[in-house]
Amino acid sequence: MRDHPHEGAAAPGADGSTDGGTDGGTDGGTDGTGRPAGPGRVPRGAYAEIPEVWHGSATNRIQWLLAAIGAACLALGIELAVDSSWTSGLAPLVMAVVGCVAAGLLVLFGTLAFVHVAVRVDKECLEVRCGHIGVPRRRIPLDTVVGAEFAPRVTPRHWGGWGYRWRPDQGMAVVVRRGEAVVLRLGDGRTFTITVDDAEGAVRAVRGRLRPRKGSPAGA
């Protein structure tokens, strides 16, 4: 699991962009690592080829522990239903069985759905698939995106936990682990954040496909 990629490192460029920011000349710019670009130095990613379809993912293996706890709750509920003596009181036993099963299923879904995220960017949209079965899924048409930014460090604490999150002051996010993320700025003023490995590559892939808007360059 890439839990702390780029920890402690600032995003390339003053505004958090990842498109290089300089042309590799001698004007005192940087090469994407904070060092002066210098003569002949090409900023990281400045001339990186954008693939026809970009794929990225992120995994949090720590959540498998939570999945095991959920499975244990589910197994306990089944055990109570099968082997317990129902003569000791029907209502309390039913409540215990239902509670264990419900808690187990909730924890299992909440963890297995968010131990993994897969991101796909093509010329039409950015698609996010959560979990190993791809549910929940979010498809964001690129014509609704006005910009993309690289976030060097996003943590579950910023969003109140793992999973599919929403905060009125921050927008929506899919958070499966701590570390780098891509932040999409949507045309309705909201943002959508996804923790994914090689988030800089995702930003380049999105920016390279945005159509120029009046008064500003694509991806600005």
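These lines cover the structure that appears in this document, whether it is placed above or below. Please read all numbers here as calculations on a predicted model, not as lab measurements.

Moving on, we come to the pattern of salt bridges. A complete count under the given rule lists 5 salt bridges for this structure. For Arg-177, the salt bridge is made with Asp-197, and the minimal N-O distance between the two is 2.8 Å. One end of the pair, Arg-177, is in the loop between β7 (171-175) and β8 (179-186); the other, Asp-197, is in the loop between β9 (191-195) and α4 (199-207), and 20 residues separate them in sequence. Summarising the burial analysis for this pair, Arg-177 and Asp-197 share the class buried. Asp-188 is paired through a salt bridge with Arg-190; the nearest N and O atoms lie 2.7 Å apart. Take Asp-188: its relative accessible area is 48%, and that puts it in the partly exposed class.

The next subject is the side chain of Arg-177. Judged by its relative accessible area of 0%, Arg-177 is buried. Within polar-contact distance, the side chain of Arg-177 engages the backbone oxygen of Val-196 at 3.1 Å. Side chain to side chain, Arg-177 and Asp-197 meet in a polar contact 2.8 Å long.

A few words now on the packing of helix α1 (residues 63-83) against helix α2 (residues 90-112). The N-to-C vectors of α1 and α2 enclose an angle of 155°; their axes lie 7 Å apart at closest approach. Regarding the angle of α1 to α2, the classification is roughly antiparallel. Relative to α2, the crossing made by α1 is left-handed. Looking at the contact of α1 with α2 residue by residue, the classes come out as 19 nonpolar, 6 polar and no charged.

As a further point, take the sheet that holds strand β6 (residues 163-167). Spatially, β5-β8-β9-β7-β6 is the arrangement adopted by the 5 strands of the open sheet, whose pairing is mixed. The two strands at the open ends of the sheet, each matched to only one other strand, are β5 (145-154) and β6. Averaged over all adjacent pairs, the angle separating strand axes in this sheet is 20°, with direction ignored. Bridging between β6 and β7 involves 5 bridges; their strand directions are antiparallel. Pairing of Gly-163 across the sheet is with Val-175, part of β7. Here α4 sits on the sheet in contact with β5 and β8, set at roughly 175° to β5.

About the criteria used
Residues numbered from 1 in each chain as written. Predicted model: local features only at pLDDT ≥ 70, side-chain atom pairs only at ≥ 80, totals over all residues. Heavy atoms only, no water. Salt bridge = Lys/Arg side-chain N within 4 Å of Asp/Glu carboxyl O. Helix = DSSP H or I, 4+ residues; strand = E, 2+ residues; numbered from the N terminus. Buried < 20%, exposed > 50% of the residue type's maximum accessible area, 1.4 Å probe, protein only. Polar contact = N/O pair within 3.5 Å; in protein donor to acceptor, adjacent residues only side chain to side chain. Axes fitted to C-alpha atoms, helices over the stretch in contact; angles between N-to-C directions. Parallel < 35°, antiparallel > 145°, perpendicular 65-115°, else oblique. Left-handed = near helix turned anticlockwise from the far one by under 90°. Nonpolar A, V, L, I, M, F, W, Y, C, P; charged D, E, K, R; others polar. Pairing = 2+ DSSP bridges. Contact = heavy atoms within 4.5 Å.

Taken by themselves, the reported measurements are silent on function.
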